[in-house]
Amino acid sequence: MSQNIIDVKHLSKQYMKQKAVNDASFQIKEGMICGLIGPNGAGKTTIMKMLGGLVIPTNGSISIYGGCTEAGLAKARGRMSFMIETPYAKEKMSARENLEKQRLQKGIPDKKRVDEVLKIVGLENTGKKHVRNFSLGMRQRLGIAIALLSKPEIMVMDEPINGLDPEGIVEIRELLLKLNREEHITIVISSHILSELSLLCTDYIFIHHGELIQAVSSDELKKLCKEFYHIHTDNDEKALVILEEKLGITDYDLDEDGSIRLYEKMDKLTEVSRTLYEGGVIPITLGINEANLEKYYMNMVGEQNVEHNEGTKASD
């Protein structure tokens, strides 16, 4: 079972009267591709900067590989790389020249590492082409190559697909999957492009107004975003027995009010309704929920906005 390698507890950051991050707690396990999801200004970048030691928390604690003291965190961060700001590269130098310069600055003795990372990110054939002539996708891959020089075990990346065209997005996604699967790098990535993260991440942390509103695994999210029938009757307990016995239903969940989320028989609404009625149960609500990641997120954000506005009014 994978261990927690990042453990954040009650993390907050306040600038003057504004709370950029408010009481966030989460864990990241080894081998994850963890997506920080939220709109611009949600607090994603601030959290990443606190993980990297670029911003000092107002409250809370961060533990990385068990290190939670200043010295312990500094040592643990040596096993990480960060792409939080726009990757820096000399415009009039090639990819290889930039990487060699970075290797020397970082004190990395292995001269072969430059060739290794160029091949990993697919820039081995760019030759003497200057970075100023690179596409945005190539620049992002060069930034990832620079981050890979030190052989990190964790990569923290802020919006690496922002501004890319569809082809560039696919290239970066495939590269990150390769790094996770073949290089065994744990990845923490932020984005507001939910459809893309749904193809990449193993786990998700949803952030809004600086607050963590939910943390779920990919499997949990798929079920939450899965199309289902919402069934509420005059006797939900009896309805469930009927569905199990008469239709052999096994794939379902129960909501807090006892109503049923049915993930089977999606093309047989009439059969489900008739079976319940013949069993002596009257459907009060029987409708399809066509959920997806964007809709699920927007529903969460809507609820969070209501709570945030009410809290703001109460404090005024």
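Residues numbered from 1 in each chain as written. Predicted model: local features only at pLDDT ≥ 70, side-chain atom pairs only at ≥ 80, totals over all residues. Heavy atoms only, no water.

**Regarding helix α6 (residues 166–182)**
Right, so step 1: Taking 1.5 Å as the rise per residue, α6 with 17 residues should run 24 Å; its terminal C-alpha atoms sit 24 Å apart, in good agreement.
Right, so step 2: Where α6 is concerned, the buried positions are Gly-168, Ile-169, Ile-172, Arg-173, Leu-175, Leu-176, Leu-177, Leu-179 and Asn-180.
Right, so step 3: Residues of α6 that are buried in the fold lie against β3 (33–37), α4 (113–121), α5 (136–148), β6 (154–158), β7 (186–191) and α7 (194–197).
Right, so step 4: Within two residues after α6, His-184 carries a phi angle of roughly 60°, on the positive side. (Helix = DSSP H or I, 4+ residues; strand = E, 2+ residues; numbered from the N terminus. Expected span 1.5 Å × (residues − 1). Buried < 20%, exposed > 50% of the residue type's maximum accessible area, 1.4 Å probe, protein only. Contact = heavy atoms within 4.5 Å.)

**Observations concerning the layout of surface pockets**
The rolling of a water-molecule-sized probe over the atoms marks out the regions of remaining empty space.
Right, so step 1: For the largest pocket, the calculated volume is near 410 Å³.
Right, so step 2: As for the largest pocket, its lining consists of 19 residues, of which Ser-81, Phe-82, Met-83, Lys-106 and Ile-146 are closest to the centre.
Right, so step 3: When contributions to the lining of the largest pocket are tallied by element, the ones reaching two or more residues are β5 (80–83), α3 (95–106) and α5.
Right, so step 4: The biggest single contributor to the lining of the largest pocket is β5, with four residues. (1 Å grid on protein atoms, 1.4 Å probe; cavity = no way out; pocket = protein on both sides within 12 Å on 5 of 7 lines; lining within 4 Å. Points joined across faces, edges and corners; volume = space filled by probe spheres on them.)

**Observations concerning the sheet that holds strand β13 (residues 283–289)**
Right, so step 1: With antiparallel pairing, four strands are arranged side by side in an open sheet as β11-β12-β10-β13. The open sheet terminates on both sides in strands that have one partner only, identified here as β11 (252–254) and β13. With strand direction ignored, the average angle separating the axes of adjacent strands in the sheet is 20°.
Right, so step 2: Contacting β10 (228–233), β11 and β12 (260–262), helix α9 (residues 236–247) runs over the sheet at an angle of about 130° to β10. (Pairing = 2+ DSSP bridges. Axes fitted to C-alpha atoms, helices over the stretch in contact; angles between N-to-C directions.)

**Digging into the packing of aromatic side chains**
Right, so step 1: A full pass over the atoms with the stated rule returns two aromatic pairs.
Right, so step 2: The cationic tip of Lys-13 hangs over the ring face of Tyr-15; the distance from NZ or CZ to the ring centre is 5.2 Å.
Right, so step 3: Residue placement shows Arg-79 over the ring face of Tyr-65; its charged tip is 3.6 Å from the ring centre. (Phe/Tyr/Trp six-rings, centres within 6.5 Å; stacked < 30°, edge-to-face > 60°. Lys NZ or Arg CZ within 6 Å of the ring centre and 35° of its normal.)

**Quick word on the environment of Ile-120**
Right, so step 1: Summarising the element assignment, Ile-120 is placed in helix α4.
Right, so step 2: Note on Ile-120: relative accessible area 13%, which makes it buried.
Right, so step 3: In the structure, Ile-120 is positioned 42 residues away from Gly-78 in sequence and 21 Å away in space, judged by C-alpha atoms.

**Focus on the nonpolar core**
Right, so step 1: Among the nonpolar cores identified, the biggest contains 49 residues, and Leu-99, Leu-142, Ile-144, Leu-148, Leu-176 and Leu-179 are the most heavily contacted of them.
Right, so step 2: Of all the elements, α5 adds the most residues to this core, at seven residues.
Right, so step 3: Apart from residues lying up to four places away in sequence, Leu-142 is in contact with Ala-89, Ala-95, Leu-99, Leu-123, Val-131 and Phe-134.
Right, so step 4: Residues Ile-5, Val-8, Phe-26 and Cys-34 belong to the second largest nonpolar core, which totals 28 residues. (Core = buried A, V, L, I, M, F, W, Y, C linked by side-chain atoms within 4.5 Å.)

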